[in-house]
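Now for the letters of each chain:
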Amino acid sequence: MSVKLCPGLYCGRPRLNLTEGECGVCPRGERTDGEKICRMCVESPELYDWLYLGFMALLPLVLHWFFIEWYSGKKSSSALFQHITALFECSAAAIVTLLVNDPVGMLSIRSCKVQMLSDWYTMLYNPSPDYVTTLHCTQEAVYPLYTIVFIYYAFCLVFMMMLRPLLVKKIACGLGKSDRFKSIYAALYFFPILTVLQAVGGGLLYYAFPYIILVLSLVTLAVYMSASEIQSFRNLVAKKKRLVVLFSHWLLHAYGIISISRLDKLEQDLPLLALVPTPALFYLLTAKFTEPNRILSEGGNGH
């Protein structure tokens, strides 16, 4: 006797009760197979999945560093210690997040393979077999790529509130009392924003993050070099901080290229990494031709 398939994309029957069980939502950590039976997710995340999780993990760290630099002041000696502390907070949060996810106590996770965009938005695909009653089958079909980000952000926030206020109070002597904790206040704003971003746009970010990384890294590098008035290699190497910023952007360029290519064919994809320094070299070679004062002076001379 054949079992009738469950309606909808994500409704399934429990594995232990195939004939008598009713169609419904699969337990967490499971999703339906081709026969609409709930199967446990036992696969390891693909490289692209890890790169996506890395992108979502880097977002709060980069924002921490930006606001620390923004509010610390040019003469503050506390910025470096705050940068290191932010790195420690996010690293510790990432490790703890992996440890508490299944399999518990191991720095690995099991996952369901992402098949299409709708896997991220199962709440939009609850079927109505009789056009009257809705069968609710909302679940995490991309387990655990959706919820693990929320867990990570929660641990980031906990570690920040445990460590950063004490550190800032001890070493941020060059700042006023009202300025010392502004980078922490900023985090209390951007963490809810990141949470909503993941909740609403997690699926879109999953497919778009490589291009977001490339575009933003190119734009921010150009803005930084322009604001710092870097127009030659001599200007670039004049300060160590500029080299640190440059190499950081190069890493982001490489991250974006690897995410797009997914390194499916190493012999074809690895040479693409040679393009990483190209934007910076192009800027340095062409900056002197686009200097505003030169353009104005040539325009005034009638050239």
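This text follows the structure it describes.
Residues numbered from 1 in each chain as written. Predicted model: local features only at pLDDT ≥ 70, side-chain atom pairs only at ≥ 80, totals over all residues. Heavy atoms only, no water.

Draft legend 1. Structural view of a nonpolar patch on the surface. Where nonpolar side chains cluster on the molecular surface, the patch consists of Leu9, Met116, Leu117, Met123, Leu124, Tyr125, Leu204 and Tyr207 and spans about 730 Å² of accessible area. Within the fold, Leu204 resides in helix α4 (residues 182-227). (Patch = residues over 30% accessible without salt bridge, like charges linked within 9 Å, V, L, I, M, F, W, Y side chains within 5 Å. Areas by Shrake-Rupley, 256 points an atom, 1.4 Å probe, with all protein chains shown as cover. Salt bridge = Lys/Arg side-chain N within 4 Å of Asp/Glu carboxyl O. Helix = DSSP H or I, 4+ residues; strand = E, 2+ residues; numbered from the N terminus.)

Draft legend 2. Spotlight on the packing of helix α1 (residues 47-72) against α4. Close contact between α1 and α4 brings their axes to 10 Å; oriented N to C, the two are set at 150 degrees. Here α1 is positioned roughly antiparallel relative to α4, judged by the angle of their axes. Read as a crossing pair, α1 and α4 show a hand that is right-handed. (Axes fitted to C-alpha atoms, helices over the stretch in contact; angles between N-to-C directions. Parallel < 35°, antiparallel > 145°, perpendicular 65-115°, else oblique. Left-handed = near helix turned anticlockwise from the far one by under 90°.)

Draft legend 3. How the structure looks around the packing of aromatic side chains. Summed over the entire model, instances satisfying the criterion amount to 19 aromatic pairs. Relative to Tyr206, the ring of Tyr48 has its centre 5.1 Å away and its plane inclined at 85 degrees; by these criteria the two rings are edge-to-face. Within this pair, whereas Tyr48 is found in helix α1, its partner Tyr206 is found in helix α4, the two being separated by 158 residues in sequence. The two residues Tyr48 and Tyr206 agree in class, both being buried. Relative to Tyr206, the ring of Trp120 has its centre 5.2 Å away and its plane inclined at 40 degrees; by these criteria the two rings are tilted. Placement of Trp120 in the loop between α2 (79-100) and α3 (147-171) and of Tyr206 in helix α4 is noted, with a sequence separation of 86 residues between them. According to the relative accessible area criterion, Trp120 is buried, its value standing at 4%. Stacked on the ring of Tyr48, the Lys or Arg Arg262 has its end atom at 3.8 Å from the ring centre. (Phe/Tyr/Trp six-rings, centres within 6.5 Å; stacked < 30°, edge-to-face > 60°. Buried < 20%, exposed > 50% of the residue type's maximum accessible area, 1.4 Å probe, protein only. Lys NZ or Arg CZ within 6 Å of the ring centre and 35° of its normal.)

Draft legend 4. Region of interest: the nonpolar core. Ranked by internal contacts, the top residues of the largest apolar core, which has 41 residues, are Tyr52, Trp120 and Phe209. For this core, the secondary structure elements donating two or more residues are α1, α2, α3 and α4. Here the element with the most residues in this core is α4; it accounts for 10 residues. Formed by 7 residues, the second largest nonpolar core is a distinct cluster that contains Ile230, Leu236, Leu246 and Ala280. (Core = buried A, V, L, I, M, F, W, Y, C linked by side-chain atoms within 4.5 Å.)

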